[in-house]
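Given next are the chains, with one letter for each unit.
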Amino acid sequence: EDQVTQSPEALRLQEGESSSLNCSYTVSGLRGLFWYRQDPGKGPEFLFTLYSAGEEKEKERLKATLTKKESFLHITAPKPEDSATYLCAVQVYGTSYGKLTFGQGTILTVHP
Amino acid sequence: KAGVTQTPRYLIKTRGQQVTLSCSPISGHRSVSWYQQTPGQGLQFLFEYFSETQRNKGNFPGRFSGRQFSNSRSEMNVSTLELGDSALYLCASSLVTGAWADTQYFGPGTRLTVL
């Protein structure tokens, strides 16, 4: 069974204090790994898609990386507006049409 | 380009009733997936539709069903509501390119409360 585990469950940072979120996955064949951001009461907002080990993508203060077993979301000099739940999800090869398997998320709080 | 829209945004029902939720995908997107999000279970896949056909289904009872129309709009239905069905129901749409994993874009969700 495909599994996605995110750590830590919650992370509190001071503004400007850089850190990383982890997403470990155990899947039969990775087709793609996705990062989303979700604010309370809203739908997940797409951040990145990663397809193969060694791939990296950046957007403003966020950088996502991928290895064969895990992905990291690095947050550089975070601001209070970066506070949200960050979700990692995978799609696998095979008959997994339209199915993303999600981790439980990391709740990030950035204090001014 | 307009994003994914879902209606209604909030819904309150009582046990035993049924409910229909609606989702309009991003223009040009032909795949629609539905998810249930609860504090305890997180985001769980319900089903996916493409070209009016259900291609995939998650581990939910038969009370959960859906359909897709020729314009790619989709509805999901939950019959005989139970208290445990209270959740945020999310719809996501994607292009179907075939070669790579397709990015799913989510709507704002429908918050269903079952009393």
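Let me sum up the structure you'll find in this document. (Residues numbered from 1 in each chain as written. Chains lettered and ligands numbered in written order. Predicted model: local features only at pLDDT ≥ 70, side-chain atom pairs only at ≥ 80, totals over all residues. Heavy atoms only, no water.)

Moving on to the overall build of chain A. Secondary structure summary: chain A contains 0 helices and 11 strands in total. The N-to-C order of helical and strand elements in chain A reads β-β-β-β-β-β-β-β-β-β-β. The C-alpha radius of gyration computed for chain A amounts to 14 Å, which stays within 12% of the reference 13 Å derived for 112 residues, consistent with globular compactness. Each of the three principal axes of chain A carries a C-alpha extent, and together these read 45 × 30 × 20 Å. Relative to its 112 residues, chain A shows a buried fraction of 46%. For chain A, restricting intrachain contacts to residue pairs at least 6 apart in sequence, the fraction spanning at least 24 positions comes to 55%. (Helix = DSSP H or I, 4+ residues; strand = E, 2+ residues; numbered from the N terminus. Rg over C-alpha atoms; globule rule 2.2 N^0.38 Å. Buried < 20%, exposed > 50% of the residue type's maximum accessible area, 1.4 Å probe, protein only. Contact = heavy atoms within 4.5 Å.)

Here we take up the overall build of chain B. Scanning chain B for helices and strands turns up 0 helices and 11 strands. Put simply, chain B runs from its N terminus to its C terminus through helices and strands in the order β-β-β-β-β-β-β-β-β-β-β. Computed over the C-alpha atoms, the radius of gyration of chain B is 14 Å, within 12% of the 13 Å expected from 2.2 N^0.38 for a compact globule of 115 residues. Along the three orthogonal principal directions, the C-alpha set of chain B runs to about 40 × 25 × 25 Å. Put simply, chain B has 115 residues, and 50% of those count as buried. At a minimum sequence separation of 6, the contacts of chain B that also span at least 24 residues come to 53%. A total accessible area of about 5400 Å² is found for chain B, and carbon and sulfur atoms account for 50% of it. Looking at charge distribution, chain B has the averaged site of its 11 positive side-chain charges lying 5 Å from that of its 6 negative ones. (Areas by Shrake-Rupley, 256 points an atom, 1.4 Å probe, with all protein chains shown as cover. Lys, Arg positive; Asp, Glu negative; His and termini not counted. Charge placed at Lys NZ, Arg CZ, Asp CG, Glu CD.)

Moving on, we get to the sheet that holds strand E8 (residues 70–75) of chain A. All names here are of chain A. Taking strand neighbours across the sheet as the criterion, the 5 strands line up as E1-E3-E8-E7-E6 in an open arrangement whose pairing is antiparallel. A single partner strand is all that each edge strand has here, and the edge strands are strand E1 (3–7) and strand E6 (56–59). For this sheet, the mean angle separating the axes of adjacent strands, direction not counted, is 15°. Note: E6 against strand E7 (residues 62–66), 4 bridges, orientation antiparallel. Bridged to Lys57 within E7 is Ala64. (Pairing = 2+ DSSP bridges. Axes fitted to C-alpha atoms, helices over the stretch in contact; angles between N-to-C directions.)

Per the stated rule, a full pass over the model turns up 11 aromatic pairs over all chains. Ring geometry for Tyr36 of chain A and Phe102 of chain A: centres 6.0 Å apart, planes at 45°, overall tilted. Of this pair, Tyr36 of chain A sits in strand E4 (residues 30–38) while Phe102 of chain A sits in strand E10 (residues 101–102), and the two are 66 residues apart along the sequence. The two residues Tyr36 of chain A and Phe102 of chain A agree in class, both being buried. Their ring planes at 65° and their centres at 5.3 Å tell us that Phe60 of chain B and Phe64 of chain B sit as a pair that is edge-to-face. With respect to class, Phe60 of chain B is no different from Phe64 of chain B; both count as buried. Put simply, the rings of Phe34, Tyr36, Phe46 and Phe102 of chain A together with Tyr35, Phe45, Tyr105 and Phe106 of chain B touch in pairs and so form one group of aromatic residues. (Phe/Tyr/Trp six-rings, centres within 6.5 Å; stacked < 30°, edge-to-face > 60°.)

What follows concerns the pattern of salt bridges. Applying the stated criterion to the full structure yields 9 salt bridges over all chains. The salt bridge partner of Asp39 of chain A is Arg37 of chain A, with a shortest N-O separation of 3.1 Å. Residue Arg37 of chain A is classed as buried on the basis of its relative accessible area, which comes to 15%. The salt bridge involving Arg67 of chain B is made with Glu75 of chain B; its shortest N-O contact spans 3.3 Å. Residue classification places Arg67 of chain B among the partly exposed positions, given a relative accessible area of 45%. Judged by relative accessible area, Glu75 of chain B falls into the buried class, the value being 16%. (Salt bridge = Lys/Arg side-chain N within 4 Å of Asp/Glu carboxyl O.)

Before going further, it helps to examine the interface of chain A and chain B. On the chain B side, the residues contacting the 22 residues of chain A number 25 residues. Counting every contact that joins chain A to chain B gives 0 salt bridges. Across the chain A-chain B interface, the total number found is 8 residue pairs in polar contact (both at pLDDT 80 or more). Put simply, the parts of the chain that give the side of chain A that touches chain B at least two residues each are E4, strand E5 (45–50) and strand E9 (84–92) of chain A. (Polar contact = N/O pair within 3.5 Å; in protein donor to acceptor, adjacent residues only side chain to side chain.)

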